Number of protein chains: 4
Amino acid sequence: MTKKVVLAYSGGLDTSIILKWLQDEYHCEVVTFTADIGQGEEVEPARMKAQAAGTKEIYIEDLREEFVRDYVFPMFRANTIYEGEYLLGTSIARPLIAKRLVEIANETGADAISHGATGKGNDQVRFELGAYALKPDIKVIAPWREWDLNSREKLLAYAEQHGIPIEMKRGKQSPYSMDANLLHISYEGGILEEPWAAPEEDMWRWTVSPEKAPDNSTTLELEFVKGDIVAIDGQAMTPAQVLSYLNKVGGENGIGRLDLVENRYVGMKSRGCYETPGGSVMLKAHRAIESITLDREVAHLKDDLMPRYANLIYNGYWWSPERELLQKMIDASQVNVNGKVRLKLYKGNVIVTGRVSESNSLFDTSIATFEDDEGAYNQKDAEGFIKLNALRMRIAARL
Amino acid sequence: MTKKVVLAYSGGLDTSIILKWLQDEYHCEVVTFTADIGQGEEVEPARMKAQAAGTKEIYIEDLREEFVRDYVFPMFRANTIYEGEYLLGTSIARPLIAKRLVEIANETGADAISHGATGKGNDQVRFELGAYALKPDIKVIAPWREWDLNSREKLLAYAEQHGIPIEMKRGKQSPYSMDANLLHISYEGGILEEPWAAPEEDMWRWTVSPEKAPDNSTTLELEFVKGDIVAIDGQAMTPAQVLSYLNKVGGENGIGRLDLVENRYVGMKSRGCYETPGGSVMLKAHRAIESITLDREVAHLKDDLMPRYANLIYNGYWWSPERELLQKMIDASQVNVNGKVRLKLYKGNVIVTGRVSESNSLFDTSIATFEDDEGAYNQKDAEGFIKLNALRMRIAARL
Amino acid sequence: MTKKVVLAYSGGLDTSIILKWLQDEYHCEVVTFTADIGQGEEVEPARMKAQAAGTKEIYIEDLREEFVRDYVFPMFRANTIYEGEYLLGTSIARPLIAKRLVEIANETGADAISHGATGKGNDQVRFELGAYALKPDIKVIAPWREWDLNSREKLLAYAEQHGIPIEMKRGKQSPYSMDANLLHISYEGGILEEPWAAPEEDMWRWTVSPEKAPDNSTTLELEFVKGDIVAIDGQAMTPAQVLSYLNKVGGENGIGRLDLVENRYVGMKSRGCYETPGGSVMLKAHRAIESITLDREVAHLKDDLMPRYANLIYNGYWWSPERELLQKMIDASQVNVNGKVRLKLYKGNVIVTGRVSESNSLFDTSIATFEDDEGAYNQKDAEGFIKLNALRMRIAARL
Amino acid sequence: MTKKVVLAYSGGLDTSIILKWLQDEYHCEVVTFTADIGQGEEVEPARMKAQAAGTKEIYIEDLREEFVRDYVFPMFRANTIYEGEYLLGTSIARPLIAKRLVEIANETGADAISHGATGKGNDQVRFELGAYALKPDIKVIAPWREWDLNSREKLLAYAEQHGIPIEMKRGKQSPYSMDANLLHISYEGGILEEPWAAPEEDMWRWTVSPEKAPDNSTTLELEFVKGDIVAIDGQAMTPAQVLSYLNKVGGENGIGRLDLVENRYVGMKSRGCYETPGGSVMLKAHRAIESITLDREVAHLKDDLMPRYANLIYNGYWWSPERELLQKMIDASQVNVNGKVRLKLYKGNVIVTGRVSESNSLFDTSIATFEDDEGAYNQKDAEGFIKLNALRMRIAARL
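Every chain is numbered independently, its residues counted from 1 as its sequence is written. Starting at A for chains and at 1 for ligands, labels are handed out in the order in which the entities are written. Local features in this predicted model are restricted to residues of pLDDT 70 or higher, and side-chain atom pairs are both shown and tallied only at a pLDDT of 80 or more, whereas totals for entire chains, interfaces and linings draw on every residue. Derived side-chain values reflect all non-hydrogen atoms in the structure, with water molecules and hydrogen atoms excluded from consideration.

Peer 1: Give me the sheet that holds strand S5 (residues 139-141) of chain B: which residues, what numbers.
Peer 2: Residues and elements named next belong to chain B. Reading across the sheet, the five strands line up as S3-S2-S1-S4-S5 and stay open at both edges, with parallel pairing between neighbours. Bordering the open sheet on either side are strand S3 (58-62) and S5, each of which pairs with just one other strand. Within the sheet, the average angular offset between the axes of one strand and its neighbour, ignoring direction, is 20°. Pairing of strand S4 (residues 112-114) with S5 involves three bridges; the strand directions are parallel. Bridging from a neighbouring strand, Ala112 pairs with Lys139 of S5. Lying over the sheet, helix H4 (residues 94-108) contacts strand S1 (4-8), strand S2 (29-36), S3 and S4, oriented at roughly 155° with respect to S1. Pairing between two strands requires that DSSP report at least two bridges joining them. In this description a helix means any DSSP run of H or I spanning at least four residues, a strand means any run of E spanning at least two, and both kinds are numbered starting from the N terminus. Here, axes are lines fitted to C-alpha atoms. For helices the fit covers the stretch in contact, and angles between N-to-C directions go from 0 to 180 degrees. By the convention used here, residues are in contact when the closest approach between their heavy atoms is within 4.5 Å.

Rendered as C-alpha cells:
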C-alpha cells in the first residue's frame, strides 16, 4: 500500500496527468518536486498548478549550481562522449533528480517516487537505478509502464475528463519530444523517426545555424583549475555561470548542434538531435588544457576508460560503486590540469588557438625543438628504443 | 659492411644530402625510392636528381591507390583518432613506405635501408619497426641519429660543400617542417613550438579558412560498402579518387584543420597542425553509417579498442601481429556497414543530414516510435530489466 | 496461442512435471529434446518417459563431440576464466542447447520452446538470449517464472497428483542442485548457501580428494594444433575423447575442484562448487603452449579481453555478434599455437614440466641466454630504450 | 664527471666487482646500500666487505616491513598476476630499491646510482625508470651494459686480479641466477634455458615438493581489513610477519612453485621458476574475501584493469603517474573488503573452505536461496530483463 509518493513534476501536461492519475489510482498523497536545472522554463508556475491539484507538499528548487558543479563538471573531466558523438546532456541530469526524489521521500516520509519517463527510454532506467541505489526499498511508480494512456489522444481525453488544463507548453509547441537542462536540449520523435530526414531548421531552439551566425568570430580565454573552468576572459564565474555564458556565446556562434542515431540501453536504436553549445566548447577546451598538462599514459588511460565511463552515465549507473571508483581516478588525474586555453568560435567551429599552463606544462620546448637542443635529448637513444621494441617482431619474423 | 642501401628519397634537400652522405660515409651503393602517396608534389624530378647523384637503381612509384585502399580505409573502419583529435595522417603512410623499402631491398639485393626522419620523432620508429618486422635482419641507417649535421646551417654548408643544389622546395618555402600525403598535410616547428601562439593563416595549404569558405553549403551523398566509401553522389570511385575528391570539396569548405599538442612515442609532447579535409568528412560519415548498421555492443567493443588500435598505428606497429588481429576483428565488423550518408559541408562544419541502409539498417521505427507501437515493445519488460540491474546495488545499499 | 513447444527435457522429475504442466496449461503439443552432452547419465530412458507422457516427437541426441569441438575448445583458446576462478562449465553448454531447441522448433514447426531453469539463475538468460538471437520471434515458456510450484513440496504434490513417477534421480540422491556436462559438474544449494561452511566430502562426484589421490604422479604429453589438443601421449583423439580422458586422469588425481562465491548476471551473489578436472588440465597446458608460441602483445591483448569474453559467455551472449567478433580474433591468434606440453598430475596439482614447439617457438635461447650470446642482443640498446621510456616521467619530475 | 655513486650492493661477487670497477673506471667515491627485503641472507656481512673495499658511507637497512606494507600488499589488493601466472615477486621489490637509492643519493650528495642488473633483463628497467621518475637528472651507471666482463670467466679473472674474494655465495652454490625477497625466490639460466627440460628437484629452496609435503593438511584463518591480511588464526601480525608466516606454512605444504616462460619488457621470452608460497596463499584468500564483499561491477572493473596494472609493475612503472592513479582506484575498492577466510593447505593445494564478513557481506542468502525466498526476489522480473537484453539481437535477426 502506497501512502505517499514524490513525483518529479514539471508542471507540464504529462506530469499533471500523472499527478491526477496517482491520486486516483493509488489513492495516495502526492508530493511534487520541480527543479530548475536550467531547462529555461519558469518553475514557479508549477507551484500553482500543484496547489490547484490539491498537493500539500510542494518542492521547487533551483539546482543549477549543484547540477553543473557536481555532475556536469565531473563528467567533463573525463572528456566524456557516448558513441563518439553524444555529450550526455540528458543522462547527466537524471542522477541529480533521482537523488532529490529520494531525499524528499526521506524528508516527507513518502514510500514511493514517480516519474514521467516512458518504458521505452533510458530515463526510466536512470531515475530508477539511482533511486534504488540510494534507497533500496523505495517503491517506484512509472505510470507510462502501467496505464493504458498510450497515445496522445488518450492522454488528452484523460486530461479533459479530469479537468486538467491542456494549454500546456510542451504538448502544444512542438512535434518533438524535448528535454532541456543547462547542458543541452534534446529532440526526439516526429520526423526524426526517419533517419534519412534532416531536422527542420525551426526545430532548433538554443543555437542559430552556422549559416546565420555572425560573420565575425568570438575569442574566449578559459581558465582551468583542476580540470574545471573557473574563469572566462579573466572573469571568475561559478560553474553554472560558466555553462550559461558558454551556452550563450556558443549558441550565438552556431555551435553544438548534433544529429545522430544512438543505441539505447533498453535495446533499440533511436534518433536524437541535441544542442549542447557550452558543452561543445568545454570539451574542446578541456582536451586542449590536458594536452599540455597531462602525462601521456595518464591521458591514454583516461581515453581507454572513457567509453566505459560514458556507458555508465548513459545507462544510469551514476550512483553505482564502479562509477564512483572511476570518478576517483578521473578526479585524481586532474590535479595538475591548470592553465588557460584560448578559443575562437566561428559559425559552428570551436578552434583552439592557444594553451598555456604556468606551473604545470609538460610541454618542454627545449626537448621538442627541431632546432639544436643542446643535448637535452640524445637522438642515439632512439636506436636502442626501436631495437628493443622491435625485438619480439624480429624473432618472430626469423621463424 | 653495408654494400647497398635503399633510401626513401623525396628529392628534397635533406634526402639529397643523405644520398650523398651515405655514398661518402658508407661507401655503398644507394638505391632511391620515391613514392607518390598524394603529397601533391611531382615525383618525376626526383629521377633526374637521383641520376645526377650517380644513382643506378631508381624506383619511382605511384602508390596512391594502394595507400588509400590498404592503409587509410582499413584505419577509418575503426573510426581511429589518436588522443581524441588526431586522424593519424602521417602515421598511416609510414608502414607502406617501410614495406616498399624492404621489398626493394629484397629485389635489389640491398642489405640496408635509410630514411630522413630525425631521432626525435615518431617516424623513425614507424619506418624501422615496420622494416624489422618484415625483414628482421635488415640494417637501418638513420643519418639524423648518426651525423653531426644537427642544424640548418651545418646542413646547408654540407650541401654547398658537396655541390648539392639547395634551391629545393621544402627548405625554402616554409618555416615549418611539413609532411603530406593523400590523407593530410602536417606542420611542425617554427612558431608552433610555442603552444600559446596561434598558427599564421598563411601556413595552411590545403584548406581555406572557414571565414573564406563559400557562403553556400555543399551537399554530398556518400555510399558505403563494408565500411568503405565506394561512390559519391552516385558516382563510383576508387579509394584514391574518393579521398582526393573529399579533400577537394572539404578543403574548399574550410574543413579539417586541426591544431594540437600530442604525445610522441619517444616521450615528449609536440605541437602539430594538420589539414585532413577528406579524412574529417570520412570519419563523420563512417560513424553515421555505422550508427544504423552496427549492433550496439559491436560498436562499443570497437569504441573500447579504438584508442589501443590508434596507439598501435601512431607508435609504428602497423606490421605487428596485434594490429593484424585487431584489424581482422574490425574488418569483420564491417560486413553489414552498407548504405548511404548525406552530408552538408559548410565553413568548417561537416553536418550529417541523413543516413539510410536498405538491407542492413538496425533502426526499427516500429519499436523506437513514440507513437503507438502496436505491441512491438512491451513497456512492462523495462521494470524487470531495471529491477535486476539494480539488484546488486539494492543489496549493497541495505547493508 | 502456443500450438507446439520444444522442451529441453532431461527425463528427471522437474522437466517431467514441466512436460505435463505445458500440456495442461498451454494445451499444446510438446516435443522433447534430450541431449547427451556428457552429463554421465543415460539419455535413452528419457524416450520411454516422454512416450509415456504422450509425446509424439522425441529428439534424443549425442552432442558430445559438437559440444567440445564447437564450444568448449573455442572457449579454452581464450584461457577463459570468470571472476578469476570459474571455468564456465555450465555457461558453455547452454548455447548448444539453445541452438538445438531452435533448430528443432524449425524442423517440427513449433512456435515455442521451454526449459526448466529457474527465474533466479543465469541459465534462463543463456537459453533465452540464445533462442532470441537465433529465432527472434520464438516464444519462450519458462515455467519456473510462471507457476506457483515454488517449493519442493508443491512440486512433489503436483507430481503425485498427475501420476508422474517421483523415483527420479536428481530429486532423490542429492541435497544439491547439480548440473553436469563433459566439462564439469556443478553443485549449488543446500549447505552451500552458507559461504562459511565447507562442502561435505561426499558431495563431490567426479574427483577424489587430493588426500585420496594416488601417491604416484601421472605424466601426460598433450599435443596442440592451432590451440586445440589433438593428441595425448602420442594418441590422436577427437575433442570429446580428449576431454573425457583428461576428466578421467584429472579426476583420479584429485584435480579440478573449486568452491567459490560468484556474481550472477541477474544480480545476486551465489555459492557454487565445481569439478572441472579435464578443463583444469587444459587451461594450464594451453597457457604453457601459448607461452612459447604467442607474441607478447598478442598474448597481452588476449589477456586484456579475456574477462570481457568470459562475461559474454557467463551472461549468455554466445550467439551475440560481439562474441563472434572476439572469437574471430581469438581463433586467428591460435594459428601458430602448435606444439607439445608435458604435465605432471599429482594430488590436485597440475604441474607443467616442459613445453616445446618445433616450428612455432618464439623462445630464442641464443638471445635469452645468460651466457655469452655472441652479439645476438646488444645490451647497450637497453639504455636508449630506458631513456626514452623514462623521458615523460623525467620531464614531469623536473617541474 | 661522476663524483659519488650509490651502489645497490648485495655483498656478493658481482656487486663486489662492480664496487671495485666503479672506483677504478669512474674514479669516484662509492656509497653502498644493502637492504634486507627478506632475501634470507644476512646483510651485515656486506658492511665488512664494503669497508674492506674502502667504502666510507655504508647503508644497511631492514626494509622488510616497508616492502610488504607499501609494495606487496598494495599489489595484492589488485589480485595481480602477470601473463596469467606470475606473481611479480622480483618486479615488486625493485621500486623500493630504486627509491632508497635516490634518497641515499640525495642524503649523501651523490650524483649517480649503480646496480648489478644485466642489459638483457627487466630489472635494469625497473631500477632506472624508478630512479629517473624520482630524480630526473640522476646519472645511472649500469656496468653490465658498459664493461666487457660478459662471461663468468672474465668476471672471475677480474676478481682475482683485483683481490676480490670469490668464495661468495651465489656464484658457488647454484647454476641458476637467483633473486629472492620476502615475496619469492626466482631461478633463471642453466638448464632452464631449455623450456622442455623440467627443473631439477634440488633447485627449489623455499618449498618442499608436494610429494614430500606432510600427509596432513594445515588449516588457516586469515583476517582481512581493507583488503590486507592483519591476523592469522586470531593472532594480529604486521605485514612482514604475515608474509613470513605464510611463506613458512606454505613452503612446508609444498605450495607456490611455478615454472613458466614469460615475455620480458626488453623483447625476448625467458624461462623462469619461482617459489611464492605466501603470495600464492594470499592471492587465493584475497579473491575469496572479495567474492563476498565486492560489488560485481567493481570486481569486474578490477579484473579488466588487472593485466594493465600487472604490466606496469612488471615493466618497471611503479613510480609512474598512471600506476599511482590505478592504485588510488584499487585502494578505494578495498574499503569494504573486511572479513575472514578459512583455508586448507595440502600438498601444493590452497583450498578455500569458508569466507565470512560480519559487516560487509553482499552475499544475501534470502535472495540467493533455492528454497522459497518469501518474495525477496520476483522471478518474473527476469523475463523483462532477458527481453530487453535480447532486443538488439532480435531486431538484427529479423533482418
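Peer 1: Lay out the pairing of strand S11 (residues 257-263) of chain B with the relevant residues and their values.
Peer 2: Regular strands place their side chains on alternate faces of the sheet. Residue and element names in this part refer to chain B. Partly exposed describes any residue whose relative accessible area lies between the buried limit of under 20% and the exposed limit of over 50%, with all areas from a 1.4 Å probe on protein chains only and scaled to the type maximum. Summarising burial for S11: six of the seven residues are buried, a large majority. Direction of pairing for S11 relative to strand S12 (residues 269-275): antiparallel, over a ladder of seven bridges. Note on S12: the bridge partner recorded for Asn263 is Lys269. Between S11 and S12, which pair antiparallel in sequence order, lie five residues; one of them, Gly267, sits at a positive phi of approximately 115°.

Peer 1: So what's going on with the UniProt feature "binding site: ATP" (unreviewed entry) in chain A? Which residues, and what values?
Peer 2: Residues and elements named next belong to chain A. When the UniProt feature table is mapped onto this chain, "binding site: ATP" (unreviewed entry) is found at Ala8, Tyr9, Ser10, Gly11, Gly12, Leu13, Asp14, Thr15, Ser16, Ala35 and Gly116. By secondary structure assignment, the location of Ala35 is in strand S2 (residues 29-36). Excluding anything up to four places from it in sequence, Ala35 contacts Val43, Glu61, Leu63 and Ile97. By the element assignment, Gly116 lies in the loop between strand S4 (112-114) and helix H5 (123-134). Excluding its chain neighbours within four sequence positions, the residues that come into contact with Gly116 are Ile18 and Trp144. UniProt positions are given in the numbering used here, feature names are shortened, and annotations may be inferred rather than shown by experiment.

Peer 1: I'd like a description of unusual backbone geometry, backed by residues and values.
Peer 2: Backbone geometry places Lys226(B), a non-glycine residue, at a positive phi of 50°. By the element assignment, Lys226(B) lies in the loop between strand S8 (218-225) and strand S9 (228-232). Of note in the backbone geometry, His27(C) takes a positive phi value of approximately 45° without being a glycine. Assignment of secondary structure puts His27(C) in the loop between helix H1 (13-26) and strand S2 (29-36).

Peer 1: Break down helix H4 (residues 94-108) of chain C for me, citing the residues and quoting the values.
Peer 2: Residues and elements named next belong to chain C. To estimate the expected span of a helix, subtract one from its residue number and multiply by 1.5 Å. Taking 1.5 Å of rise per residue, 15 residues should cover 21 Å, and H4 covers 21 Å from first to last C-alpha, within 8% of that figure. Counting buried positions along H4 gives 12 out of 15 residues, so the element sits mostly inside the fold. Taken residue by residue, H4 has Arg94, Pro95, Leu96, Ile97, Ala98, Lys99, Arg100, Leu101, Val102, Ile104, Ala105 and Thr108 as its buried positions. Positive phi appears at Gly109, one or two residues downstream of H4, with a value of about 70°.

Peer 1: Provide a residue-level description of the interface of chain D and chain C, including the pertinent values.
Peer 2: In this complex, chain D contributes 102 residues to the contact, which on the side of chain C involves 102 residues. Accessible area that two parts lose when put together, evaluated with a 1.4 Å probe and summed over both, is termed the buried area. Counting each side, the surface lost to burial between chain D and chain C is near 8900 Å², with a carbon and sulfur contribution of 55%. By definition, a salt bridge exists where a carboxyl oxygen of Asp or Glu is found within 4 Å of a side-chain nitrogen of Lys or Arg. Applying the counting rule to chain D against chain C returns 10 salt bridges. Note that Arg392(C) and Glu322(D) form a salt bridge whose closest N and O atoms lie 2.6 Å from each other. Counting residues per element, the side of chain D that touches chain C draws most heavily on helix H14 (residues 381-398) of chain D, which supplies 12 residues. The nonpolar class holds Ala, Val, Leu, Ile, Met, Phe, Trp, Tyr, Cys and Pro. Asp, Glu, Lys and Arg form the charged class, and all remaining residues, Gly among them, are polar. Of the residues that constitute the side of chain D that touches chain C, the class distribution is 41 nonpolar, 24 polar and 37 charged.

Peer 1: Go over the packing of H4(C) against helix H5 (residues 123-134) of chain C, please, and point to the residues and values.
Peer 2: All names here are of chain C. Two numbers describe how H4 lies on H5: the axes approach to 8 Å, and their chain directions differ by 45°. Here H5 runs oblique to H4, going by the angle between their axes. Seen along the crossing, H4 lies across H5 with a hand that is right-handed. Only Asp123, Arg126, Phe127, Gly130, Ala131 and Leu134 of H5 make contact with H4, whose side of the interface consists of Arg94, Ile97, Ala98, Lys99 and Val102. Across the contact of H4 with H5, the residue classes break down as six nonpolar, one polar and four charged. Between 65 and 115 degrees an angle is taken as roughly perpendicular, under 35 as roughly parallel, over 145 as roughly antiparallel, and anywhere else as oblique. By definition, any crossing whose near helix is turned counterclockwise from its far helix by less than a right angle is left-handed, and any crossing with a clockwise turn is right-handed.

Peer 1: I'd like a rundown of the relation of the copies chain A and chain B, residues and numbers included.
Peer 2: The relation between the two chain copies is a rotation about an axis coupled with a shift along that axis. Of the transformation placing chain A onto chain B, the axial shift is 0.0 Å and the rotation is 180°, giving an RMSD of 0.0 Å. Classification of the inter-copy transformation places it as that of a two-fold axis. A high fraction, 100%, of the interface residues of chain A reappear at the interface in chain B, so the copies pair face to face through one surface. For this overlay, a least-squares fit was computed on C-alpha atoms, restricted to residues scoring pLDDT of at least 70 in both copies.

Peer 1: Which residues make up helix H1 (residues 13-26) of chain D, and what are the values?
Peer 2: An ideal rise of 1.5 Å per residue puts 20 Å on 14 residues; H1(D) measures up with 19 Å between its terminal C-alpha atoms. Within two residues after H1(D), His27(D) carries a phi angle of roughly 45°, on the positive side.

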